[in-house]
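Fold and contact review
Residues per chain, in single letters:
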Amino acid sequence: MIGVLRVELTRLRWRRAVLVLLGACVLVPAVIFAVTAWNTRPVSASELAQAEQQVERLRHDNGYQADIERCQRRPQRYGVPTADQCESQMGPQVEWFISRSPLDLRHVSRGLGPTVCVLLAGLLMLMGTTFAGADWNSGSMSNQLLFEPRRLRVWLGKAGAVVAVAVVTSAVVLAAFWSAVLLLASARGIDVPPHLTPFVRDQSLRGVVLAGAGSLGAFAVTMFFRSTVATLGILFGTALVGSLLLAALGVSEQWFPHVNVGAWLLDGVRYYVTPPLSCRSASHLTRECRGIRFVTLRDSAAYLGFFLAIAVAMSLAAFRRRDVP
Amino acid sequence: MTDLVIETTGLRKEFRDRRGRRRVAVAGLDLAVPAGGVHGFLGPNGSGKTTTIRMLLGLARATRGSMRLFGTDVPRRLPQVIDRIGAVVEAPKFSPNFTGRQNLQLLARTLGTATSRVDAAIETVSLTGRDRDRYKSYSLGMKQRLAIAATLLKEPSLLILDEPTNGLDPAGIREIRDTIRDLSQSGVTVLLSSHILAEVQQVCTSATIIGNGRMLASGTVEDLLRPGASSLRIDISDPDAAVRVLTAAGYTSSRTGGAVEVETQRPGSDVARTLAEHDLWVDSLVPVRQDLESFFLELTADDTLGGGPEGRS
């Protein structure tokens, strides 16, 4: 079994498409980090001076002066308590001309972090698909089986190689991404909230599991359909129109794929439903009457695990029983 | 009793087409391939040769029947004997973006054999110098040679070759035939599936002819041809008179062009004497040996006209 796994790891390593996708796994988070770092960079002295100049210019603007005079005559009309506060409250502020926000670790952990996890999972799913699909497209699967006819071993060897590469890649990339983010925060003197580190650690671990399971699922589906195109159709169909279709059919949001992926990465998410009719007469708005529902981590694990188990079982059964072209 | 390296009994394979109708590819085939020599597996296109080979190698599941390789039940115990079997099924199938060497290395690692055997196999099939080129850049002949090199990684006792000369130029065909002969002489049993009769006749010591998924004839190539080795072609100045005389003497004869063809089990000297007694002198008398082609066409006439095994049960 180890021998088959080694062979499949070598085969995986030699595939150009796989190498390109692994390169993308490094490049995409690196670009996200670089863009985030650039967009949250501290305001420079020259930018500050420029903003102050713009404030000064505006203060000397005739229209502005007329506004201030009108405010001082009737401050209440402008929502200002007293006339002497008009200039301070209505006057232009330096912040108006500096639109950049500083690095917000909470935003990164709840927005960019999961995005990176999902992108990694998507790329590694493509890796699983292209790896299995290449064997079927070239017809080399039959040749491989002439050397190792134990199909279960072959399936497990290939799946093991895909999952191992997906897990290692996502673990390394996520660790590098978060190390870079935390280093950047430290360099900018931004305090890391105490709860953030365990949250990020758990989220990254779940991201690694998602990448491994996703690549396994994509591999299994490709081994079932024996076609990269069919698998890509299913993946993109699920990603792009799966939730829309379910919504059109009136299916509750808790069954939407993206909601469950979000719940897995964010340790549960809330979604909203139309409150029941009985809530109309309720004097106190309970959570139920506010239409708030939750998909918990456990719910999402069951949901995603169910589909993965189905894909793996069908793929294994088909590969063991069906004729190989 | 001769040792059999391949044995099938009542082997049957059914497919379902897209409309769910049953198609029979192999209909109760009994195949017996003795150890040693080159055994031809002959049949028209669609007669079930490749399907039979694929079932033997575990690539397709038999609907019914039993199969044994080296006396071992397959596919159940195929892993026990697979190391002794080299096979090229239909067109060679390798990863197109890997080099020939990489493809062989992966297969060698699957077997757990030394990489040095890859070098030896490449050298045996004369691919040295092109082994580091991508497989997709290979000519058909090179692909076939690489496929044979892959079979040599195992040092097989049985080599199964399915249409190995398909698409090759004359030089490539000769090369493959020489390789087959060399392997056979070194003790490897070769099962050569082909629809090219001349190839089987030239290379094989024994053959099985199938049609519509059934065995039609089996034996040594010499035995298969014997029934037809009984006609004589006679060149004579008056062929019409010769036909009259021979018919009167109880022979089955006919005029073919300027000659006379006689079907008989008796020696040619008897025929010449009969004609001489009527003052008809033979210019030449040649035994016409039926070739495998005419024998094959005779056997498979129904199959080729009948349009294959579809729909039979």
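Looking only at helices and strands, chain A features twelve helices and two strands. The secondary structure elements of chain A, listed N-terminal to C-terminal, are α-α-α-α-α-α-α-α-α-α-α-β-β-α. Taking 2.2 N^0.38 as the reference for a compact globule, 325 residues should give roughly 20 Å; the C-alpha atoms of chain A span a radius of gyration of 27 Å, well beyond that estimate. Principal-axis analysis of the C-alpha atoms places the extent of chain A at approximately 95 × 60 × 35 Å. Taking all 325 residues of chain A together, 31% fall into the buried category. Sequence-distant contacts, at least 24 apart, represent 78% of the contacts inside chain A between residues at least 6 apart.

Time to look at the overall build of chain B. Assigned secondary structure in chain B consists of twelve helices and 14 strands. In chain B, which comprises 313 residues, the proportion classed as buried is 42%. The long-range fraction of contacts in chain B, counting pairs at least 24 apart against all pairs at least 6 apart in sequence, stands at 70%.

The next thing to look at is the pairing of strand S3 (residues 38–42) of chain B. Residues and elements named next belong to chain B. The buried count for S3 comes to five of five residues, which makes it a mostly enclosed element. A two-sided burial pattern is seen for S3, the buried positions comprising Val38, Gly40 and Leu42 on one face and His39 and Phe41 on the other. When S3 meets strand S8 (residues 189–194), the two strands line up parallel, connected through five bridges. Each residue of the ladder has a partner; that of Phe41, found in S8, is Ser193.

Turning to unusual backbone geometry, a few remarks are in order. Backbone torsion omega between Val74(B) and Pro75(B) reads 10°, so that peptide bond is classified as cis. Within the secondary structure layout, Pro75(B) lies in the loop between strand S5 (72–74) and helix H2 (78–81). Of note, the phi angle at Arg226(A) is positive, near 60°, even though the residue is not glycine. Inspection of the secondary structure puts Arg226(A) in the loop between helix H9 (196–225) and helix H10 (228–248). The exposure class assigned to Arg226(A) is partly exposed, which follows from the 19 C-beta atoms found within 10 Å. Notably, Phe70(B) is not glycine yet its phi reads approximately 55°, a positive angle. Structurally, the position occupied by Phe70(B) is in the loop between strand S4 (64–69) and S5.

Partitioning chain B into structural domains gives domain 1 (4–226) and domain 2 (230–288). Here domain 1 of chain B and domain 2 of chain B have C-alpha centroids that lie 45 Å from each other.

With 23 residues of chain A at the contact, the number on the chain B side is 23 residues. If you list the elements that add at least two residues to the side of chain A that touches chain B, you get helix H1 (2–14), helix H6 (105–138) and helix H7 (140–145) of chain A. Counting residues per element, the side of chain A that touches chain B draws most heavily on H1(A), which supplies seven residues. Split by residue class, the side of chain A that touches chain B holds nine nonpolar, eight polar and six charged.

Looking now at the nonpolar core. Met127(A), Ala149(B) and Leu192(B) are the most contacted members of the largest nonpolar core, which has 136 residues in total. The biggest single contributor to this core is H6(A), with 14 residues. Core analysis: the next-biggest nonpolar cluster, separate from the first, contains eleven residues, Ile236(B), Leu246(B), Val260(B) and Val262(B) among them.

Time to look at the environment of Leu246(B). Residues and elements named next belong to chain B. For Leu246, the location among the structural elements is in helix H9 (residues 239–248). Placed 37 residues apart in sequence, Leu246 and Asp283 show a C-alpha to C-alpha distance of 16 Å. Discounting chain neighbours no more than four positions away, the residues touching Leu246 are Tyr251, Ser253, Val262 and Thr274.

On to the sheet that holds strand S14 (residues 282–288) of chain B. All names here are of chain B. Sheet architecture is open: four strands sit in the order S12-S13-S11-S14, paired in antiparallel fashion. Pairing within the sheet leaves two strands with one partner each, and these edge strands are strand S12 (252–256) and S14. Ignoring which end each strand starts from, the neighbouring axes of this sheet average 25° apart. Helix-sheet contacts for H9 involve strand S11 (231–236), S12 and strand S13 (259–263), and the interaxial angle to S12 is about 170°. Each of S11, S13 and S14 is contacted by helix H10 (residues 268–277), which is oriented at about 150° to S14, the strand it contacts most.

For the rest of this paragraph, the subject is the environment of Ile98(A). All names here are of chain A. Assignment of secondary structure puts Ile98 in the loop between helix H5 (86–90) and H6. Note on Ile98: 14 C-beta atoms within 10 Å, which makes it partly exposed. It is 7.8 Å that separates the C-alpha atoms of Ile98 and Leu48, two residues lying 50 residues apart in sequence. If sequence neighbours within four positions are ignored, Ile98 has contacts with Val43, Glu47 and Ala51.

About the criteria used
Residues numbered from 1 in each chain as written. Chains lettered and ligands numbered in written order. Predicted model: local features only at pLDDT ≥ 70, side-chain atom pairs only at ≥ 80, totals over all residues. Helix = DSSP H or I, 4+ residues; strand = E, 2+ residues; numbered from the N terminus. Rg over C-alpha atoms; globule rule 2.2 N^0.38 Å. Buried ≥ 20, exposed ≤ 12 C-beta atoms within 10 Å, placed from the backbone. Contact = placed C-beta atoms within 7 Å. Pairing = 2+ DSSP bridges. Domains from an automatic or database assignment. Nonpolar A, V, L, I, M, F, W, Y, C, P; charged D, E, K, R; others polar. Core = buried A, V, L, I, M, F, W, Y, C linked by C-beta atoms within 7 Å. Axes fitted to C-alpha atoms, helices over the stretch in contact; angles between N-to-C directions.

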